[in-house]
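Structural overview for review
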Amino acid sequence: MVENLLESTSPVFTVGTVSILSGIPGHSIRQYINEGLIIPFKKESDRHLFSQVDIFRLKFIHEQLNEHGLNFAGIRAILALVPCWAIRSCSVKERNHCQAYYATTHPCWEASEKGRECRNTDCRQCDVYRIVEKHPDIKSLLRTLI
Ligand code: SF4
């Protein structure tokens with residue numbers, strides 16, 4: 001049961017617990033949220049909750065900042081390169097009306113205007129948002145596409 005919980009996408013951990021489990025300070029976690037790099041589950045009380053998958057993502061961001069020498073703008077730019085339109089098979093018409101298709105400085109989930117498919121999708125569950133779980137280096141993703 002504990003094992004299942006640890007592999008889960010269920011949002012069950014508070015910021016304090018995530019900080020202990022990941023070794024990332026709470027103020028850094030809040031900063032990653034403010035920078036748009038992680039979308040926590042939000043309770044009605046406005047408190048953020050995180051899953052085990054979110055912890056993996058937080059560690060990915062932390063590593064890019066502290067070991068790979070990237071800054072927030074650099075991480076956002078890399079995530080903006082993920083070809084969400086190909087992964088989600090957006091039509092040409094949809095792409096033309098989607099800000100994410102053209103954005104170079106922000107990941108698609110930060111786009112103000114999204115295609116119809118994305119407007120009705122929870123980004124937390126989307127393969128594009130979750131890409132770092134399967135491809136912690138984006139180049140390995142590109143190798144699968146091209
Ligand atoms: S649903 Fe969200 S994360 Fe997925 S492609 Fe659309 S904007 Fe990006």
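Residue indices begin from 1 for each chain and proceed along its sequence in written order. Totals for whole chains, interfaces and linings use all residues, but because this is a predicted model, local features are given only for residues with pLDDT of at least 70 and pairs of side-chain atoms are given and counted only at 80 or more.

Here the domain parsing of the chain yields domain 1 (1–70) and domain 2 (71–146). An automatic or database domain assignment provides the domain bounds reported here. Here domain 1 and domain 2 have C-alpha centroids that lie 20 Å from each other. A residue pair is marked as a contact if its C-beta atoms, positioned from the backbone, fall within 7 Å. Listed per partner, the contact involves twelve residues of domain 1 and 15 residues of domain 2. Counting residues per element, the side of domain 1 that touches domain 2 draws most heavily on helix α4 (residues 52–66), which supplies six residues. Residues that form the side of domain 1 that touches domain 2 fall into these classes: eight nonpolar, two polar and two charged. Put simply, DSSP marks the helices as runs of H or I at least four residues long and the strands as runs of E at least two long, and each gets a number from the N terminus on. When residues are grouped by polarity, Ala, Val, Leu, Ile, Met, Phe, Trp, Tyr, Cys and Pro land in nonpolar, Asp, Glu, Lys and Arg in charged, and all others, Gly among them, in polar.

Glancing now at unusual backbone geometry. Even without being a glycine, Asp 46 presents a positive backbone phi close to 75°. Looking at where Asp 46 falls in the secondary structure, it is placed in the loop between β1 (41–42) and β2 (48–49). For Ser 89, which is not glycine, the phi dihedral falls at a positive 55°. Within the element layout of this structure, Ser 89 appears in the loop between α6 (84–87) and α7 (92–96). Residue class for Ser 89 comes out exposed when judged on the 8 C-beta atoms lying within 10 Å of it. In this scheme the burial state of a residue depends on its C-beta neighbours within 10 Å: 20 or more other such atoms mean buried, 12 or fewer mean exposed, and anything in between means partly exposed; the C-beta positions come from the backbone.

Before going further, it helps to spend a moment on the nonpolar core. The tendency in soluble globular proteins is for nonpolar side chains to be buried side by side. In plain words, the nonpolar core is the set of buried Ala, Val, Leu, Ile, Met, Phe, Trp, Tyr and Cys residues that C-beta atoms within 7 Å link up. In terms of nonpolar packing, the biggest core is built from 19 residues, with Val 18, Leu 58, Cys 84 and Val 128 touching the most fellow members. At the level of elements, α4, α5 (72–80) and α6 are the ones that each hand at least two residues to this core. Formed jointly, this core draws a minimum of three residues from each of two domains, domain 1 (1–70) and domain 2 (71–146). When neighbours within four sequence positions are excluded, Val 128 is seen to be in contact with Val 82, Cys 84, Ile 87, Arg 88 and Cys 108.

Our next topic: the environment of Gln 99. The topology assignment puts Gln 99 in helix α8 (residues 99–102). Among the residues examined, Gln 99 registers 14 C-beta atoms within 10 Å and is labelled partly exposed. With residues near it in sequence (within four places) discarded, Gln 99 still touches Ala 111, Ser 112, Glu 113 and Lys 114.

This part covers the environment of Thr 14. Within the secondary structure layout, Thr 14 lies in the loop between α1 (2–6) and α2 (15–22). Here Thr 14 falls in the partly exposed class, since 15 other C-beta atoms lie within 10 Å of it. C-alpha of Thr 14 to C-alpha of Gln 52: the two residues are 38 residues apart in sequence and 11 Å apart in space.

Let's shift gears to the packing of α2 against α4. To get an axis, fit a line to the C-alpha atoms, keeping to the stretch in contact for a helix; angles then go from 0 to 180 degrees between the N-to-C directions. Viewed as axis vectors pointing N to C, α2 and α4 meet at an angle of 60°, and their least axial separation amounts to 10 Å. It follows from the interaxial angle that α2 and α4 lie oblique. Every pair of crossing elements has a handedness; the one defined by α2 and α4 is right-handed. The residues of α4 that touch α2, namely those facing Val 18, Leu 21 and Ser 22, are Ile 55, Leu 58 and Lys 59. Residues that form the contact of α2 with α4 fall into these classes: four nonpolar, one polar and one charged. Angular relationships are summarised with four words: roughly parallel below 35 degrees, roughly antiparallel beyond 145, roughly perpendicular across 65 to 115, and oblique for the angles in between. Take the far helix as your reference; a near helix turned counterclockwise from it by less than a right angle gives a left-handed crossing, and one turned clockwise gives a right-handed crossing.

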